[in-house]
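Structural overview for review
Given next are the chains, with one letter for each unit.
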Amino acid sequence: MSGQGAQDEVDRIVAAWNRERPDLDFAPLHVLSRVGRLSKHLDRARRAAFTASDLESWEFDVLSALRRAGRPYQLSPKALLTQTLVSSGTMTNRIDRLVERGLVERRTDPRDGRGILVTMTPSGAEAADRAIANLVQAEAELLRDLSAQDRETLTALLRSLALTLGD
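Residues numbered from 1 in each chain as written. Predicted model: local features only at pLDDT ≥ 70, side-chain atom pairs only at ≥ 80, totals over all residues. Heavy atoms only, no water.

Under the annotation held in an unreviewed UniProt entry, the protein carries the name MarR family transcriptional regulator and is attributed to Frondihabitans australicus.

Right, here's the structure in full:
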């Protein structure tokens, strides 16, 4: 891995804590402090990618769920809730705002006349496609200095951690 042997801010923080509190094991900070710092870089890159796509991150969350559903790019509000992990009131508000922007439409579910399906419009599909292209490019830039093997190793380690945490 590139960067082995080099010291970063987390190394300096842990060394200072080890000096001040030698009774504690600071090993978790080596991993999770870096994850937290990397998360800030990722948040900035994602915000920039979505801004360039004229979307808010929550708009991308809803549109990307619809886009991943495949044609005809529609899901029930309940399915959107499950995928975006927000409350029903929040989802209703988000759908309303996306309807106002012309990115989605509400349609009656043909299988259940009482149900509603949220359907992405062609403008919504264009926005989602533009945003995902910008996002992939921004995230690839964050990983540019890692070899393919390092990325695969990191992917496997992060997947393993996520699975143990119940993600």
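This part covers unusual backbone geometry. For the peptide bond that leads from Arg-71 to Pro-72, omega is 10 degrees, which places it in the cis range. On the secondary structure map, Pro-72 appears in the loop between α3 (57-68) and β1 (74-75). The residue Tyr-73 is not glycine, and still its phi comes out positive at about 55 degrees. One can find Tyr-73 in the loop between α3 and β1. Residue Tyr-73 is classed as buried on the basis of its relative accessible area of 12%. Although it is not a glycine, Leu-85 sits at a positive phi angle of roughly 60 degrees. Relative to the assigned elements, Leu-85 resides in the loop between α4 (77-84) and α5 (88-100). A residue is classified by how much of its surface remains accessible, and Leu-85, at 76% relative accessible area, is exposed. (Helix = DSSP H or I, 4+ residues; strand = E, 2+ residues; numbered from the N terminus. Buried < 20%, exposed > 50% of the residue type's maximum accessible area, 1.4 Å probe, protein only.)

This next bit is on the pairing of strand β3 (residues 112-120). As a general feature of sheets, a regular strand has side chains that alternate between the two faces. Judged from the two bridges that link them, β1 and β3 form a sheet pairing that is antiparallel. Following the sheet pairing, Gln-74 is matched in β3 by Thr-119. Judged from the six bridges that link them, strand β2 (residues 104-109) and β3 form a sheet pairing that is antiparallel. Looking across to β3, one finds that Val-104 is bridged to Met-120. The turn joining β2 and β3, which pair antiparallel and follow one another in sequence, is formed by two residues. (Pairing = 2+ DSSP bridges.)

With that settled, consider α5. Residues spaced three or four apart along an α-helix point in a common direction, a consequence of the helix completing one turn every 3.6 residues. Relative to the 18 Å expected for 13 residues at 1.5 Å per residue, α5 spans 18 Å between its end C-alpha atoms, a close match to the ideal helical length. By the burial criterion, the buried members of α5 are Met-91, Arg-94, Ile-95 and Leu-98. Along the axis of α5, the buried positions cluster into a sector of 100 degrees, meaning they face one direction only. (Expected span 1.5 Å × (residues − 1). Arc of directions from axis to C-beta.)

Applying the stated criterion across every chain yields a total of two aromatic pairs. Consider the rings of Trp-17 and Phe-26, whose centres lie 6.0 Å apart with planes at 20 degrees: the pair is stacked. In this structure Trp-17 comes out as partly exposed when scored by relative accessible area, which is 42%. Its relative accessible area of 8% is what places Phe-26 among the buried residues. (Phe/Tyr/Trp six-rings, centres within 6.5 Å; stacked < 30°, edge-to-face > 60°.)

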